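Remarks on the overall topology
Each chain, written out:
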Amino acid sequence: MRNHSGLKGTAWIPALIRKVYRQTLSAYSDTAYVLASIGLRATIEAVCNHLEISGSNLEKRIDQLYKTGNVSNSDKKRLHAIRFLGNDAAHEVKEPKESDLRVALEIVEHLLNSVFILEKKSKSLETVIENYEEFSKLMESCIKSSDAAQAASLGAILGTKRRLVGNNLDNFETQLKSSIDAGTMKYLTLAQVENIGGKDVQLYSIGDVSDLTKSEDDDFPF
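A short tour of the structure in this document, coming up. The residue numbering used here restarts from 1 in each chain and proceeds along that chain's sequence as written. Only residues with pLDDT of at least 70 get local features here, since the model is predicted, and only at 80 or more are side-chain atom pairs given and counted; chain-wide, interface and lining totals rely on the full set of residues. Hydrogen atoms and water are omitted, and side-chain values are computed over all heavy atoms in the structure.

Points about the overall build of the protein chain
Along the backbone of the protein chain there are eight helices and three strands. To qualify as a helix, a DSSP run of H or I must reach at least 4 residues; to qualify as a strand, a run of E must reach at least 2; elements of each kind are numbered from the N terminus. Its helices and strands taken in sequence order, the protein chain reads α-α-α-α-α-α-β-α-α-β-β from the N to the C terminus. Using C-alpha atoms as the atom set, the radius of gyration is obtained and then compared with a globule rule of 2.2 Å times the number of residues to the power 0.38. In terms of overall size, the protein chain is more extended than a compact globule, its C-alpha atoms giving a radius of gyration of 24 Å where 222 residues would be expected to give roughly 17 Å. Structurally, the protein chain occupies a C-alpha span of about 75 × 30 × 30 Å along its principal axes. Contacts in the protein chain between residues at least 24 apart in sequence constitute 59% of all its contacts with a sequence separation of at least 6. Of the accessible surface of the protein chain, which amounts to about 12800 Å², a share of 47% is contributed by carbon and sulfur atoms. We call two residues contacting when some pair of their heavy atoms lies within 4.5 Å. Computed with the Shrake-Rupley method and a 1.4 Å probe, the accessible areas treat only the protein chains shown as cover for residues.

Printed below as a string of structure tokens:
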């Protein structure tokens, strides 16, 4: 396609978005630059639809992509450039230069790669835990692999995975205790509090984990 091989790993891109992207590549290959410009704009719209990004027009939806953390501020500006390109093609039937269209295509491919392809590929890598739902999955994984016979601190249960929690450990531990009290964390019970290094540390007892199995939709990388 005009010396452009396209993205690899497109199987991880949602079907409708993949279809629009491939049709855009086909238009670019056939030097149908007006249609390709419209296709790039439509690809961004399709991504917003899939991510359920709200907004009365594409300008607001691109801004919302940034606000929701799906793209960086620099990426947001580049996506607006494609919006202008697509608008000119759709409303004024203005054909872009091939060099501009090539850059626009690379920007859209960067969006697809970062939002869908790398998101899937990176599941096998350890990353920072940012919310309690992720922390809960991490805890279940550590509990399942733990061989602790006696009550242990949260840090001891997490082991080397402690680094994934960063400065959020105290906040997560507060939520963990609430989950134990509510019975939603079934595999831990509160044990004694010990003074370690001049600090009171809560210890936890690990219960029966025989039914702790990985759910089918659990893609947490541990």
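Having put the structure on the table, let's press on.
Considerations on the packing of aromatic side chains
Pairing of aromatic side chains requires ring centres within 6.5 Å, counting the rings of Phe and Tyr and the six-membered ring of Trp. Pairs whose planes differ by under 30 degrees are stacked, by over 60 edge-to-face, and all others tilted. Taken as a whole, this structure holds four aromatic pairs when the rule is applied. Both rings, one in Tyr132 and one in Phe172, keep their centres 6.5 Å apart while their planes meet at 50°; by these two values the pair is tilted. Here the residue Tyr132 occupies a position in helix α6 (residues 132-145), and Phe172 occupies one in helix α8 (residues 169-182), the gap between them amounting to 40 residues. Taken as a pair, Tyr132 and Phe172 share a single burial class, namely buried. Grouped by ring-pair contacts, the aromatic residues Tyr132, Phe135 and Phe172 constitute a single cluster. The cut-offs for exposure are 20% and 50% of the maximum accessible area for each residue type, with area from a 1.4 Å probe on protein chains only; residues under the lower value are buried, those over the upper are exposed, and the others partly exposed.

Quick word on the pairing of strand β3 (residues 199-206)
Sheet topology places strand β1 (residues 152-153) next to β3; two bridges connect them, and they run antiparallel. Paired with Ser153 across the two strands is Leu203, which belongs to β3. Here strand β2 (residues 188-196) runs beside β3; their pairing, made up of seven bridges, is antiparallel. Within β3, the position partnered with Thr189 by the bridge is Ser205. Pairing between strands is defined by DSSP: at least two bridges between the two strands are required. What sits between β2 and β3 in their antiparallel hairpin is a turn of two residues, with Gly197 showing a positive phi close to 60°.

Points about the sheet that holds β1
Across the sheet, three strands lie side by side as β1-β3-β2; this open sheet has antiparallel pairing. Two strands lie at the open edges of the sheet, namely β1 and β2, each paired on one side alone.

Considering the pattern of salt bridges
Each reported salt bridge corresponds to a side-chain nitrogen of Lys or Arg within 4 Å of a carboxyl oxygen of Asp or Glu. Evaluated as defined, the whole model comprises six salt bridges. Between Arg61 and Glu45 there is a salt bridge, and its shortest N-O distance comes to 2.8 Å. Note that Arg61 is positioned in helix α3 (residues 58-67) and Glu45 in helix α2 (residues 33-50), a separation of 16 residues in sequence. The exposure classification of Arg61 matches that of Glu45, with both residues buried. A cluster of three or more residues bridged by salt bridges with shared partners is formed by Arg41, Glu45 and Arg61.

Observations concerning the nonpolar core
Counting 32 residues, the largest nonpolar core has Ile44, Leu79, Ile82 and Leu112 as the members making the most contacts within it. For this core, the elements supplying multiple residues, two or more each, are α1 (15-29), α2, α3, α4 (73-92) and α5 (98-121). Other than its neighbours up to four places away in sequence, Leu112 contacts Leu7, Ile13, Ile17, Tyr21, Thr43, Val47 and Ile117. For this analysis, a nonpolar core means a set of buried residues of the types Ala, Val, Leu, Ile, Met, Phe, Trp, Tyr and Cys, connected via side-chain atoms within 4.5 Å. Among the nonpolar cores identified, the runner-up in size contains 21 residues, and Leu138, Leu158, Leu169 and Leu176 belong to it.

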